[in-house]
Amino acid sequence: MLAVNYLNKSFGGLQANQNINFEVAEGEILGVIGPNGAGKSTLFDLVTGFEKPDSGDVLFLGKSILGLRPDQINRLGIGRTFQKLKPFPQMTVEENVMVGLMQHVSQMNEAREEAHRYLEFVGLIDKMSVYAHGLSTGQRKRLELARAMASRPKLLLLDEVTGGVDQKTVPELVSLVERLRTEGTTVVLIEHNMKVLMSLADHVVALHLGQQIAYGRPQEIQAHKQVIESYLGASYA
Amino acid sequence: MVTEGSDTRIVTPRRLGGRIPLILLSVAALVFPWVFEDAHTQHVLIMIFIYGLMALGWNIIAGYCGQISLGQAIFFGIGAYSTSFLFANFGITPWIGMLFGVAVSLVVAVGIGLPTLRLRGHYFAIATLVIGEITQTIFINWEYVGGATGIWIPIVWDDPWYTFQFHDSKIPTYYIGLAFLTGGLAFTYWMERSKLGLYFRAIRDEPDAASSLGVNLGRYKLLAFMIAATFASLAGSQFAQYILVIDPDTVFPLLLSILIVLMTMLGGLGQIWGPVVGAAVLLPISEATRIYFGGQGGAEDLMIYGFLIVIISVFYPRGLFGLIERLIKRRDNAGS
Ligand SMILES: Nc1ncnc2c1ncn2[C@@H]1O[C@H](COP(=O)(O)OP(=O)(O)OP(=O)(O)O)[C@@H](O)[C@H]1O
Ligand SMILES: [Mg+2]
């Protein structure tokens, strides 16, 4: 479904992504791990058109999406969330979710009804007429997810959905991602929590200092020497 | 007890008014010129309608879509010059002139907006400011359209609806102004409830998120700017037909662009009634200070306006409407 071919991106002298190369099959959940600054979010920015790679290519459903604007890429079927959450603060929760729907439906009422489905899905329906700036971090994460789902993506890129929320919210978010897959959405998930990845991901890409140090099944990645040194070692120390 | 999100229930315009106050307001506006026959009062109302329409347009590009234009006078001037020039030179009815003005304004808006609106940061604000100043200078030196003296619209007594000149009474001008303002309000009302309004506000709040959800930022910003240009152009045409003498200093000044900003911010940025409330509060004051200063308003006005904009944006970012909302909330909280 998605093919990332030898992507390179540098910011000044810093190689944020170096020859990143992997594929995502339809219906799977791909995990992306790596310590802070490894280049995970940069990879999302490259795939979704927020940054232009220096070289390499991104294919979605067999066609290159390189050089397209973020809105064009979204309309092709790639949705994303942002690590640094970006709700529309002066809009209600319901309106936040309706934005992504307007490319698919013409009537506001239709959009409103469908928006409620996503808000139920993430458990925010009782907050629908609240301005987004009034939500807690956990609620914002869920709003971000509902909003991205509302653009009806075939492929959803989630940047640290469980990061920065309290521990009891994590399982809820994990089960949301699981349900996404059952409903047919392909997911790429940036995730620091190894336990979460083990339970969710079909494959994992490990990045370190802009380099792709491993790709494989979660168990293989967990046992991978370099990954343990660069990442797990640090967090398990 | 204050729980998370409890202070964020939205106060909708419905709670501020509803249908009955709107009907009362409409009736009041309709009978007003028959009750207050004094020419100066009617004059102030006409000015509120004209500037209010222009401010409604600025509210759409800046209040809803978040793109600060500091050059709305460009389109006001184009509207004014289009009707005046076509009528003075070719006898073309100002109604056609008005449409011509809108067409020219749209072309100019695209010319300014296309290269600048796709840039992040303050390029658009600075570009509109600078192009506004350049436009005024061009018209001052453009002898074909009257140079610095501008255009004196030939006075004609016959056929007032064709010539758009009403010399016996201000009442037709009043109603025309009211009709256009109502049209502007109706458009804003519709827009608020449409995809357009949703996209504009999304762009204003968080452009990255908007584009990640399929919103073509460039296209919708440009659309907002074109709407704002149309409103300003229509206001300019009406102004010219009302005053009948125009020159670059009265229809293209930076002061006018800034006044519109101040009006909208005073009333409430991104609020449907904001611009009209702001115009209704500010214009009588502005008229009075003009008389007080004895001039046309110049550097002093600009300084005062600028100062007020800073004060409002620091202390009352949501304008008079924000204040009213807060009062209602306080009353509700006290009652519950
Ligand atoms: N727009 C930018 N300009 C300059 N440097 C950038 C930019 N975006 C990212 N970087 C740098 O690129 C590197 C990779 O950043 P990135 O955000 O992709 O890391 P990450 O793996 O998502 O880290 P984290 O786990 O902290 O989110 C970092 O060193 C970061 O400082
Ligand atoms: Mg990141």
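Not measured: the values here are computed from a predicted model.

### So, the overall build of chain B
Argument step 1. Regarding its fold elements, chain B presents 16 helices and 2 strands.
Argument step 2. Expected size for 336 residues packed as a compact globule is a radius of gyration near 20 Å; at 20 Å, chain B falls within 12% of this value.
Argument step 3. Projected onto the principal axes, the alpha-carbon positions of chain B cover approximately 70 × 50 × 35 Å.
Argument step 4. By residue count, 52% of the 336 residues in chain B fall in the buried class.
Argument step 5. Expressed as a percentage of contacts within chain B between residues at least 6 apart in sequence, the contacts between residues at least 24 apart total 79%.
Argument step 6. Of the accessible surface of chain B, which amounts to about 15400 Å², a share of 69% is contributed by carbon and sulfur atoms.
Argument step 7. When the 19 basic and 20 acidic side-chain charges of chain B are each reduced to a single mean position, those positions are 16 Å apart.

### Things to note about the packing of helix H9 (residues 195-205) of chain B against helix H11 (residues 217-243) of chain B
Residues and elements named next belong to chain B.
Argument step 1. Two elements in contact, H9 and H11, have axes whose closest approach is 10 Å; the angle formed by their N-to-C orientations is 110°. Overall, the two elements H9 and H11 adopt an arrangement that is roughly perpendicular. Touching Lys195, Leu196, Tyr199, Phe200 and Ile203 of H9 are Leu217, Tyr220, Lys221, Leu223, Ala224 and Ile227, all from H11.
Argument step 2. Residue composition of the contact of H9 with H11, grouped by class: 9 nonpolar, no polar and 2 charged.

### Considering the site of ligand 1
Residue and element names in this part refer to chain A.
Argument step 1. Gly37, Lys40, Ser41, Thr42 and Gln83 are the nearest of the 15 residues found near ligand 1.
Argument step 2. Within the backbone of Gly39, an N or O atom sits 2.9 Å from an oxygen atom of ligand 1.
Argument step 3. Between Ser41 and ligand 1, the recorded distance is 2.8 Å, taken from a side-chain N or O atom to an oxygen atom.
Argument step 4. Look at ligand 1: alone it shows 630 Å² of surface, and the protein chains cover 62% of it.
Argument step 5. At the level of secondary structure, the elements contributing two or more residues to the shell around ligand 1 comprise strand S2 (14-24) and helix H1 (40-47).
Argument step 6. By residue number, the principal contributor to the shell around ligand 1 is H1, which donates 3 residues.
Argument step 7. Across the shell around ligand 1, the residue classes tally to 5 nonpolar, 7 polar and 3 charged.

### As for the pairing of strand S7 (residues 155-159) of chain A
Within a regular strand, side chains alternate between the sheet's two faces.
Residues and elements named next belong to chain A.
Argument step 1. Most of S7 is tucked away: 5 of the 5 residues are buried.
Argument step 2. Along S7, one buried face is formed by Leu155, Leu157 and Asp159 and the opposite face, lined by Leu156 and Leu158, is buried too.
Argument step 3. In this sheet, S7 lies alongside strand S6 (residues 78-80) in parallel orientation, the contact comprising 3 bridges. Its bridge partner being in S7, Ile78 is matched across the sheet by Leu155.

### Regarding the coordination of the magnesium ion (ligand 2)
Residues and elements named next belong to chain A.
Argument step 1. Of the protein atoms, only Ser41 (OG) and Gln83 (OE1) coordinate the magnesium ion (ligand 2), at distances of 2.0 Å. With a gap of 42 residues between them, Ser41 in helix H1 and Gln83 in the loop between S6 and helix H3 (93-101) connect regions that are remote in the sequence.
Argument step 2. Using a relative accessible area of 38% as the deciding quantity, one classes Gln83 as partly exposed.

### Things to note about the pattern of salt bridges
Once the charged atoms of two side chains with opposite charge are near each other, the side chains can pair.
Argument step 1. One pass over the structure, following the stated rule, counts 13 salt bridges over all chains.
Argument step 2. For A:Arg69, the salt bridge goes to A:Asp71, with nearest N and O atoms at 2.9 Å.
Argument step 3. By relative accessible area, A:Arg69 is classed as partly exposed at 37%.
Argument step 4. Assessed through its relative accessible area of 4%, A:Asp71 is described here as buried.
Argument step 5. A:Lys86 is the salt-bridge partner of B:Glu206, the closest N and O atoms lying 4.0 Å from each other. Here B:Glu206, found in the loop between H9 and helix H10 (207-212), pairs with A:Lys86, found in the loop between S6 and H3, and the two come from separate chains. The residues B:Glu206 and A:Lys86 share a single accessibility class, namely buried.

### What about the environment of A:Arg181?
All names here are of chain A.
Argument step 1. With respect to the helices and strands, Arg181 occurs in helix H6 (residues 170-182).
Argument step 2. Distance in space between the C-alpha atoms of Arg181 and Leu156 is 10.0 Å, their sequence separation being 25 residues.
Argument step 3. Setting aside residues no more than four positions away along its own chain, Arg181 makes contact with Gly27, Ile29, Leu200 and Asp202.

### With respect to the confidence of the model for chain B
All names here are of chain B.
Argument step 1. Predicted confidence across chain B gives a mean pLDDT of 87, with 90% of residues reaching 70 or more.
Argument step 2. Long-range and interchain partners of residues 1-14, a stretch whose pLDDT sits below 50, account for 25 contacts in this model, where long-range means more than four residues apart.
Argument step 3. For this predicted complex, the interface confidence score (ipTM) comes to 0.93, while the overall pTM stands at 0.91.

### Digging into unusual backbone geometry
Residues apart from glycine generally show negative phi values, whereas peptide bonds are mostly found in trans.
Argument step 1. Phi is positive for A:Asn19, which is not a glycine, with a value near 50°.
Argument step 2. By the secondary structure assignment, A:Asn19 is in strand S2.
Argument step 3. The class of A:Asn19 is partly exposed, set by a relative accessible area of 42%.
Argument step 4. At B:Asp159, a position not held by glycine, the phi torsion is positive, near 50°.
Argument step 5. Within the fold, B:Asp159 resides in the loop between strand S1 (151-152) and helix H7 (160-163).

### Focus: the interface of chain A and chain B
One frequent convention defines the size of an interface as the accessible area lost when the parts assemble.
Argument step 1. At the interface, 35 residues of chain A touch 24 residues of chain B.
Argument step 2. Buried surface at the junction of chain A and chain B, summed over both partners, amounts to about 2600 Å²; 58% is from carbon and sulfur atoms.
Argument step 3. Counting every contact that joins chain A to chain B gives 3 salt bridges.
Argument step 4. A salt bridge links A:Lys86 to B:Asp208; the shortest N-O distance between them is 3.5 Å.
Argument step 5. At the surface where chain A touches chain B, the tally comes to 8 residue pairs in polar contact (both at pLDDT 80 or more).

### Quick look at the packing of H3(A) against helix H5 (residues 137-150) of chain A
Residue and element names in this part refer to chain A.
Argument step 1. Remark: H3 packs on H5, axes separated minimally by 6 Å, with the N-to-C direction vectors making an angle of 30°. By the angle between their directions, the pair H3 and H5 is classed as roughly parallel. Crossing of H3 against H5: the hand is right-handed. Facing H3, whose interface residues are Val93, Asn96, Val97, Gly100 and Leu101, H5 presents Leu143, Ala146, Arg147 and Ala150.
Argument step 2. When the residues that make up the contact of H3 with H5 are grouped by side-chain class, the tally is 6 nonpolar, 2 polar and 1 charged.

Calculation criteria
- Residues numbered from 1 in each chain as written.
- Chains lettered and ligands numbered in written order.
- Predicted model: local features only at pLDDT ≥ 70, side-chain atom pairs only at ≥ 80, totals over all residues.
- Heavy atoms only, no water.
- Helix = DSSP H or I, 4+ residues; strand = E, 2+ residues; numbered from the N terminus.
- Rg over C-alpha atoms; globule rule 2.2 N^0.38 Å.
- Buried < 20%, exposed > 50% of the residue type's maximum accessible area, 1.4 Å probe, protein only.
- Contact = heavy atoms within 4.5 Å.
- Areas by Shrake-Rupley, 256 points an atom, 1.4 Å probe, with all protein chains shown as cover.
- Lys, Arg positive; Asp, Glu negative; His and termini not counted.
- Charge placed at Lys NZ, Arg CZ, Asp CG, Glu CD.
- Axes fitted to C-alpha atoms, helices over the stretch in contact; angles between N-to-C directions.
- Parallel < 35°, antiparallel > 145°, perpendicular 65-115°, else oblique.
- Nonpolar A, V, L, I, M, F, W, Y, C, P; charged D, E, K, R; others polar.
- Near = heavy atom within 4 Å.
- Polar contact = N/O pair within 3.5 Å; in protein donor to acceptor, adjacent residues only side chain to side chain.
- Pairing = 2+ DSSP bridges.
- Donors = N, O, S within 2.8 Å, 3.2 Å for Na, K, Ca; no water.
- Salt bridge = Lys/Arg side-chain N within 4 Å of Asp/Glu carboxyl O.
- pLDDT = per-residue confidence, 0-100.
- Buried area = accessible area lost by both parts, 1.4 Å probe.
- Left-handed = near helix turned anticlockwise from the far one by under 90°.

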